[in-house]
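# Observations on the three-dimensional arrangement
Chain by chain, the residues:
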Amino acid sequence: MKEEKTNVSKETQQTTEVRKKRDMNRIIGNTLRYGVTIACVIALAGGALYLIQNGNEPVKDYSIFDPNHPAYTNLRGIFSGFFNFQAWGVIQVAVIALLLTPIMRVVLSLLDFVQERDWLYAAVTSLVLAIIFVNSITSPV
Amino acid sequence: MTVLTFTIILLIGAYLAGLLGSLTGLGGGVVIIPLLTLCLGVDFQYAIGGALVASIATSSGSGSAYVKEGITNIRLGMFLEIATCIGAVIGALVAIYLNNNIIAVIFGFVLILTVINQLRRKEDHENVVGSETARRLKLYGSFPQKDGSVRHYQLTNVGGGFGVMVVAGALSGILGIGSGVLKVLAMDSIMKVPFKVSTTTSNFMMGVTAVTSAVVYLQRGNIEPGIAFPVMVGVLAGALTGARLLKTLDVTVLRKIFCVAIALVAANMIYNGFAGNF
């Protein structure tokens, strides 16, 4: 009798765990979907602006790489371009939104591991985030 | 060529890249780089930026569907992501010293590997006896199968898989592609992970690896707005169409055509790289 009881409680515990897992998967799935949609909408707006402003001009010479860090290569430049309705600024904001989708996914996984009290994987996930972060500010540009 | 013509060509190309990418399970980068460099004469440096955008778009775009199926092994992906991220950091550093011709040759060899991987017979690794390390790291997993039953699996050779993942990350840091090939190879051939789990987990990892190098390449100026916009929109639209078609279409013939095309592009890249044409 006692054994049966523990079995039942174990089962309910398992179902709650499965349900929690499913909830987390739904949150991650939605974050990816919304993130990608938002990035795509911003890119379309920026692209439309770009084609209206520059559509008939000859295309920039892409055959030689320009190493002189234009304004679209740093956050300040990108956002000032964005708020001044410069097409390149709007498109780069879309790129940043796109870059944030995998990062958001890692952050959500971290929260998930912390909630599960899986400290080993909370540490693993933090390490991954740390590598991405440190690399983005220290790598030579 | 006017901006409008260039954008339309790139939009169509990126759409096809996304479509082929989701039908064959490869990232968009594999098609985007040859399209930009060989067809449109764009510098490899800009093509790398375009490929990074394509890789992340493919990973996040198809990721939302994969997550729902619950096949992806997040622990496995996250653990190996340490290796690919370190690799991507190294790759982005090494890339500074590589000229376009060397990059083209490396890309050509990765393409050849891609073809071999597509033609290889897929094993499903039933009844793998897992290693102690894998068990301690909680890398064993389970996933729901089509008939509703849950399949449990174990895996082995964590060290070997980790090592190949560092190389995969480095290549992705140099080329901007997701290196899905090496990721699947590491998980499938070395660690004996079931094929479905390898592919979906590799897709998850692709986005994270690509973002590690993308944050650097964005600051270096490799991600050009005029290229990023058509690539992002085109690849996403193509991947969406592909995901729909995949349910109704038999892709075996398409895969074979794709392999021949990639092999030709690989030969072209390697030849032009050695000839110093980039």
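Just so you know, these numbers come straight off a predicted model, no measurement behind them. (Residues numbered from 1 in each chain as written. Chains lettered and ligands numbered in written order. Predicted model: local features only at pLDDT ≥ 70, side-chain atom pairs only at ≥ 80, totals over all residues.)

### Here's the deal with the overall build of chain A
Our working rule: Helix numbers and strand numbers start at the N terminus; a helix is a DSSP run of H or I with at least 4 residues, a strand a run of E with at least 2. Buried residues are those with 20 or more other C-beta atoms within 10 Å of their own C-beta, exposed residues have 12 or fewer, and partly exposed residues lie in between; C-beta atoms are placed from the backbone. A pair of residues counts as a contact when their C-beta atoms, built from backbone coordinates, are separated by no more than 7 Å.
Of regular secondary structure, chain A possesses four helices and zero strands. Reading chain A from its N end, one meets helices and strands in the order α-α-α-α. The 141 residues of chain A split such that 32% are buried. Partitioning the intrachain contacts of chain A with sequence separation of at least 6 by distance along the chain shows that 58% fall at a separation of at least 24.

### A short note on the overall build of chain B
Within chain B, the secondary structure is distributed over 11 helices and two strands. Each helix and strand of chain B, ordered N terminal to C terminal, gives the series α-α-α-α-α-α-β-β-α-α-α-α-α. Taken along the three principal axes of its C-alpha coordinates, chain B extends 55 × 40 × 30 Å. Here chain B holds 278 residues, and 59% of them are scored as buried. Look at the contacts in chain B between residues 6 or more apart in sequence, and 81% of them connect residues 24 or more apart.

### Examining the interface of chain A and chain B
For an interface, size is often stated in terms of accessible area lost upon the parts coming together. Definition in use: Note on residue classes: Ala, Val, Leu, Ile, Met, Phe, Trp, Tyr, Cys and Pro are nonpolar, Asp, Glu, Lys and Arg are charged, and everything else, Gly too, is polar.
If you look at the interface, chain A gives 58 residues, while chain B gives 53 residues. Of all elements in the fold, only α1 (2-54), α3 (87-115) and α4 (119-138) of chain A reach the threshold of two or more residues within the side of chain A that touches chain B. Here the side of chain A that touches chain B takes 16 residues from α1 of chain A, the largest share from any one element. Counted by class, the side of chain A that touches chain B contains 35 nonpolar, 19 polar and four charged residues.

### What about helix α1 (residues 3-24) of chain B?
We count it as follows: The span expected for a helix works out to 1.5 Å for each residue beyond the first.
The terminal C-alpha atoms of α1 of chain B lie 31 Å apart, and with 22 residues this matches the ideal 32 Å at 1.5 Å per residue to within 8%. Phi turns positive, to about 80°, at Gly-25 of chain B, one or two residues after α1 of chain B.

### Side note on the pairing of strand β1 (residues 141-144) of chain B
A regular strand places its side chains so that they alternate between the two faces of the sheet. Applicable threshold: Only strands that DSSP links by at least two bridges are regarded as paired with each other.
Sheet topology note: the β1 of chain B/strand β2 (residues 150-153) of chain B ladder contains four bridges and is antiparallel. For Phe-143 of chain B, the partnering residue across the bridge sits in β2 of chain B and is Arg-151 of chain B.

### Some details on the packing of helix α5 (residues 100-119) of chain B against helix α7 (residues 158-175) of chain B
All names here are of chain B. Basically, it comes down to this: To obtain an axis, a line is fitted to C-alpha atoms, over the contacting stretch when the element is a helix, and the angle between two such axes runs from 0 to 180 degrees between their N-to-C directions. Any angle between 65 and 115 degrees counts as roughly perpendicular, while under 35 counts as roughly parallel, over 145 as roughly antiparallel, and the rest as oblique. In a left-handed crossing the near helix is turned counterclockwise from the far helix by less than a right angle, and in a right-handed crossing that turn is clockwise.
Packing of α5 against α7 brings their axes to within 11 Å, and their N-to-C directions diverge by 130°. In terms of orientation, α5 and α7 fall into the oblique class. At the point where α5 passes α7, the crossing takes the left-handed sense. On the side of α5, the interface is formed by Ile-103, Ile-106, Phe-107 and Val-110, while α7 contributes Leu-171, Ile-174 and Leu-175. Classifying every residue of the contact of α5 with α7 gives seven nonpolar, no polar and no charged.

### Side note on the nonpolar core
Which entries qualify depends on this criterion: Only buried residues count toward a nonpolar core: Ala, Val, Leu, Ile, Met, Phe, Trp, Tyr and Cys, linked into one set through C-beta atoms within 7 Å.
Ile-91 and Ala-94 of chain A together with Ile-32, Val-53, Val-231 and Met-232 of chain B are the most contacted members of the largest nonpolar core, which has 122 residues in total. In this view, Ile-91 of chain A contacts Ala-43, Gly-46, Gly-47 and Tyr-50 of chain A together with Pro-225, Ala-228 and Phe-229 of chain B; residues no more than four positions away in its chain are not counted.

### Looking at unusual backbone geometry
Residue and element names in this part refer to chain B. Phi angles above zero are rare outside glycine, and Lys-138 is one such case at about 55°. With respect to the element layout, Lys-138 can be found in the loop between α6 (132-136) and β1. Accessibility expressed as a C-beta count within 10 Å gives 13 for Lys-138, which makes it partly exposed. Notably, Ser-179 is not glycine yet its phi reads approximately 50°, a positive angle.

### Brief notes about the environment of Ala-57 of chain B
Tracing the backbone through its elements, the reader meets Ala-57 of chain B in helix α3 (residues 44-69). Look at Ala-57 of chain B and you get buried, because 34 C-beta atoms sit within 10 Å. When residues no more than four places from it in sequence are discounted, the contact partners of Ala-57 of chain B are Leu-98 of chain A together with Gly-28, Met-232, Val-235 and Leu-236 of chain B.

### A look at the packing of α1 of chain B against α3 of chain B
All names here are of chain B. Where α1 contacts α3, the two axes come as close as 11 Å, and the packing angle between them is 50°. Compared by their axis directions, α1 and α3 come out oblique. Here the hand of the crossing between α1 and α3 comes out right-handed. Packed against α1, whose contacting residues are Ala-14, Ala-17, Gly-18, Gly-21 and Ser-22, the element α3 presents Ala-54, Thr-58 and Ser-62 at the interface.

### Details of the confidence of the model for chain B
Condition: Every residue gets a pLDDT, meaning the predictor's confidence in that residue, from 0 to 100.
For chain B, per-residue confidence averages 90 on the pLDDT scale, and residues scoring 70 or more make up 100% of the total. Reported confidence for the predicted complex is 0.92 by ipTM and 0.91 by pTM.

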